[in-house]
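Survey of secondary and tertiary structure
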Amino acid sequence: MQLVLSTYLFVNQPLTPNLLAEIARAGVESVEIFCSPPHFNYRSEERVRELSDWLGEHHLKVHALHSPTERDRATGKRESGAPISISDPERLRRLDALDEVKRALEVAERIPFHYLIQHLSHGRAPADPRRFDAAFNSLEHLVVFAKQRGVTIALENTPGDLTSPSSLRHFIEDTRLDLKMCFDTGHAHLEDGVETSFDVMRDRVVSTHVHDNHGERDEHLLPYEGTIDWEKALRALAGTAQPLPIVLELKDQPGRPAPLERLSETFDRLEMGLASKRTTNRSTTGN
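Everything numeric here is computed off the predicted structure, so don't read it as measured data. (Residues numbered from 1 in each chain as written. Predicted model: local features only at pLDDT ≥ 70, side-chain atom pairs only at ≥ 80, totals over all residues. Heavy atoms only, no water.)

1. What to know about the overall build of the protein chain
The test is simple: Only DSSP runs of H or I with at least four residues qualify as helices, and only runs of E with at least two residues qualify as strands; both kinds are numbered from the N terminus onward. C-alpha atoms define the radius of gyration, and 2.2 Å times the number of residues to the power 0.38 defines the globule rule. Only protein chains enter the area calculation, which uses a 1.4 Å probe; residues under 20% of their type maximum are buried, those over 50% are exposed, and those in between are partly exposed. Residue contacts follow a heavy-atom distance rule, with two residues in contact if any of their heavy atoms lie within 4.5 Å. Only the protein chains shown count as cover for residues, with accessible areas throughout obtained via the Shrake-Rupley method and a probe of 1.4 Å. Only four residue types enter the charge count, namely Lys and Arg as positive and Asp and Glu as negative; His and the chain termini do not. All charge positions are set by atom: Lys at NZ, Arg at CZ, Asp at CG, Glu at CD.
A tally of regular secondary structure across the protein chain gives nine helices and ten strands. Taking 287 residues into account, the globule formula puts the C-alpha radius of gyration at 19 Å, and the protein chain, at 18 Å, falls close to it. In terms of principal-axis extent, the alpha carbons of the protein chain reach across some 50 × 45 × 35 Å. With 287 residues in all, the protein chain has 54% of them scored as buried. Considering only contacts within the protein chain whose residues lie at least 6 apart along the sequence, 75% involve residues at least 24 apart. Element-wise, carbon and sulfur atoms account for 45% of the exposed surface of the protein chain, whose accessible area totals about 13,000 Å². Of note, the protein chain has its 35 positive side-chain charges centred 2 Å away from the centre of its 45 negative side-chain charges.

2. Here's the deal with the pattern of salt bridges
So the rule is basically this: Just to be clear on terms, a salt bridge is a Lys or Arg side-chain nitrogen sitting within 4 Å of an Asp or Glu carboxyl oxygen.
The tally for this structure, following the rule as stated, stands at 15 salt bridges. With a shortest N-O distance of 3.0 Å, R169 and E173 are connected by a salt bridge. Taken together, the positions of R169 and E173, both in helix α5 (residues 165–175) and four residues apart, correspond to about one turn of that helix. A relative accessible area of 35% places E173 in the partly exposed class. Close ionic contact of R202 with D199 constitutes a salt bridge, the shortest N to O distance being 3.3 Å. Through salt bridges with shared partners, a single network forms among E46, R47 and E50.

3. Focus: the side chain of H39
Among the secondary structure elements, H39 is positioned in the loop between β2 (30–34) and α2 (45–57). Apart from residues no more than four positions distant in its own chain, H39 is found in contact with T7, F10, V11, Q13, P14, L15 and F34.

4. Here's the deal with the packing of aromatic side chains
The cut-off we apply is this: What counts as a ring pair is set by centres within 6.5 Å for rings of Phe, Tyr and Trp (its six-membered ring), and what kind of pair is set by the plane angle: stacked under 30 degrees, edge-to-face over 60, tilted for all other angles. Working rule: Lys NZ or Arg CZ, within 6 Å of ring centre, within 35 degrees of ring normal, means a charge sits over the ring.
This model, assessed by the stated rule, comprises four aromatic pairs. Taken together, a centroid distance of 6.1 Å and an interplanar angle of 25° make the contact between F132 and F171 stacked. On the criterion of sequence distance, the pair formed by F132 in helix α4 (residues 129–147) and F171 in helix α5 is long-range, its members being 39 residues apart. Residues Y224 and W230 carry aromatic rings whose centres are separated by 5.8 Å and whose planes lie at 45° to one another, so their mutual orientation is tilted. Looking at W230, the relative accessible area reads 3%, which means it is buried. The positively charged end of R149 is found above the aromatic ring belonging to F145, 3.7 Å away from the centroid.

5. A look at the packing of α4 against α5
Describing two packed helices takes the angle between their axes plus the distance from one axis to the other. Here is the rule we go by: An axis is simply a line fitted to the C-alpha atoms; with a helix, the fit covers only the stretch in contact. Between two such axes, the angle follows the N-to-C directions and lies from 0 to 180 degrees. Each angle gets one of four labels, with under 35 degrees taken as roughly parallel, over 145 as roughly antiparallel, 65 to 115 as roughly perpendicular, and the rest as oblique. Left-handed describes a crossing in which the near helix is turned anticlockwise from the far one by less than a right angle; the clockwise case is right-handed. Each residue is assigned to one class: nonpolar for Ala, Val, Leu, Ile, Met, Phe, Trp, Tyr, Cys and Pro, charged for Asp, Glu, Lys and Arg, and polar for all the others, Gly among them.
For the pair α4 and α5, interaxial distance at closest approach is 11 Å and the crossing angle is 60°. By the angle between their directions, the pair α4 and α5 is classed as oblique. Crossing geometry of α4 relative to α5 is assigned as right-handed. Residues F132, A135, F136 and L139 of α4 form the contact with α5, whose own contacting residues are S167, F171 and T175. Of the residues in the contact of α4 with α5, the class split is five nonpolar, two polar and no charged.

On their own, these measurements won't tell you what the molecule is for.
Written out as structure tokens, the structure is:
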């Protein structure tokens, strides 16, 4: 099973060689890089070259990039910039968003990665047909642009009608675009629940965002620190033909021990739980 850490944990600081060294020392072998210029300036050829060198020095692989969600977010602040939405009905803003996502995809020309994790919209957007049309127009171009660079786009379930698991599934089926899905446990817990949401997405999921919360806010806690029933959640995640990458997408929590110190323990607990559920699933189905 592939165990991955999202650099979203450090999104409020620059991605530096020292930070990558800390990640490697925690036993991480693969990362998902969050695209935000103050953290990682995906627009800069120099920064991309530097990151490629640093990753090699610390023997870290890139599993995925998370597409930018905001522009010009101030260093040290979360969610403070102008939103980027590929489903914005306003054409100029949508084209601007499209260009930002293309700049992120161009990173693959220097640093290979498998998936671009993409939000369909920013915030809790309604399931407006105009937004679906706008998203189709954007993704029709982005899918081709990504494939030319060896990348598959995976849409992430986020809170809201437009970006719910069922809406994303219908969007992919209706448009017939070559898209996959990234299943986010924390977002699912805020909406219809992990098991119900995963069942809708199951056959299209290629990556995950694994984190916990208390059912009220998107806290991005370590698993087992919120109110997700991980016995049931892991049973759902284990019910796929091939093991899914487990990507921890965490936030630094003031007053709590640093998540890096507990990564190994958390990964071990998740891996053992998934292995147990996978064995149980095979016994139940007779395979």
